[in-house]
Amino acid sequence: MDYLGGIRIARTTCPAVGVPAYTGDITLFDPPQSRDARAIDVTATITNLRTTCDETSGPDVIANTTFDVIARRRDSSAPREVVLPYFVTIVRGGNVVVAKRISRVSLNFAAGQDRAQTTGLGSSIISRSAATLPDKVREEITRKRKAGEEDAAIDPFSRPGVRAAVARASFEQLIGFQLTPDQLQYNATR
């Protein structure tokens, strides 16, 4: 195969996976209305996202993501269970939420232990046809261009129709803590 240069990018029907800004951490206070550092009761972080994606069988693309939740508590004198809500959201085109599910993870602190860890799971099912570029758009993007042609130097992604088609076929699986408005504000301003 002759390769003449340029950039080659392989597009997948699998969703991009990530944690939205300000939702990867949660802080619980005791008393709950306090925001004083001495009132911090439990802190937890979502980390280590690992995704498997099956885009080869059937009409759907199935993505499963596991992640770790690592937590620390202030008072380690007694055993304690802390249950934290998290969400899994499927976003299309970078700004349209097409599905959201809320689940929970349980952290079990042993007596004398100030740290705990657990694993959570998020999964998504996306229609393969929705995540696949139309043939016409794919041809426009991958068409060979020759120097001297009128549109040889024009990036196909600069065309609104191409950009819109790529956005419609792009999905994200976002995982984060289901925060109250006060918790989200705390994360955004700390």
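Residues numbered from 1 in each chain as written. Predicted model: local features only at pLDDT ≥ 70, side-chain atom pairs only at ≥ 80, totals over all residues. Heavy atoms only, no water.

Peer 1: So, the side chain of Q173: which residues are in play, and what are the values?
Peer 2: Structurally, Q173 can be placed in strand β8 (residues 171-177). We classify Q173 as buried; its relative accessible area is 0%. At 3.2 Å, the side chain of Q173 and the side chain of S124 are in polar contact. For Q173, the contacting residues outside a window of four places in its chain are P15, A16, V17, G18, A63, T65, V88, T89, I90, G122, S123 and S124. (Helix = DSSP H or I, 4+ residues; strand = E, 2+ residues; numbered from the N terminus. Buried < 20%, exposed > 50% of the residue type's maximum accessible area, 1.4 Å probe, protein only. Polar contact = N/O pair within 3.5 Å; in protein donor to acceptor, adjacent residues only side chain to side chain. Contact = heavy atoms within 4.5 Å.)

Peer 1: Hey, could you go over the packing of helix α1 (residues 135-142) against helix α2 (residues 160-168) for me, with residue numbers and the actual values?
Peer 2: Put simply, α1 and α2 touch, their axes get as near as 10 Å, and they point 120° apart. It follows that α1 is oblique to α2 by the angle criterion. In the crossing of α1 with α2, the sense of the turn from one axis to the other is left-handed. Across the interface between the two elements, V137, E140 and I141 from α1 touch V162, A165 and V166 from α2. In the contact of α1 with α2, the residues fall into 5 nonpolar, no polar and 1 charged. (Axes fitted to C-alpha atoms, helices over the stretch in contact; angles between N-to-C directions. Parallel < 35°, antiparallel > 145°, perpendicular 65-115°, else oblique. Left-handed = near helix turned anticlockwise from the far one by under 90°. Nonpolar A, V, L, I, M, F, W, Y, C, P; charged D, E, K, R; others polar.)

Peer 1: Explain the sheet that holds strand β4 (residues 60-73) residue by residue, including any values.
Peer 2: Here 4 strands make up an open sheet; going across it, the order is β2-β3-β4-β7 and the pairing antiparallel. At either end of the open sheet lies a strand with only one pairing partner, and these are β2 (25-29) and β7 (115-127). Each neighbouring strand pair of the sheet contributes to a mean axis angle of 20°, computed without reference to strand direction. Here β4 pairs with β7 via 13 bridges, running antiparallel. Bridging from a neighbouring strand, F67 pairs with G120 of β7. (Pairing = 2+ DSSP bridges.)

Peer 1: Tell me what's going on with the sheet that holds strand β5 (residues 80-92), and back it up with residues and numbers.
Peer 2: Here we have 4 strands laid out as an open sheet, ordered β1-β8-β5-β6, and mixed in their pairing. Whereas interior strands pair on both sides, the edge strands pair on one side only; in this sheet they are β1 (16-18) and β6 (96-109). Taken pair by pair, the neighbouring strands of this sheet meet at an average axis angle of 15°, ignoring direction. Where β5 meets β8, 7 bridges bridge the pair, whose relative direction is antiparallel. Directly across from V88, in β8, lies its bridge partner I175.

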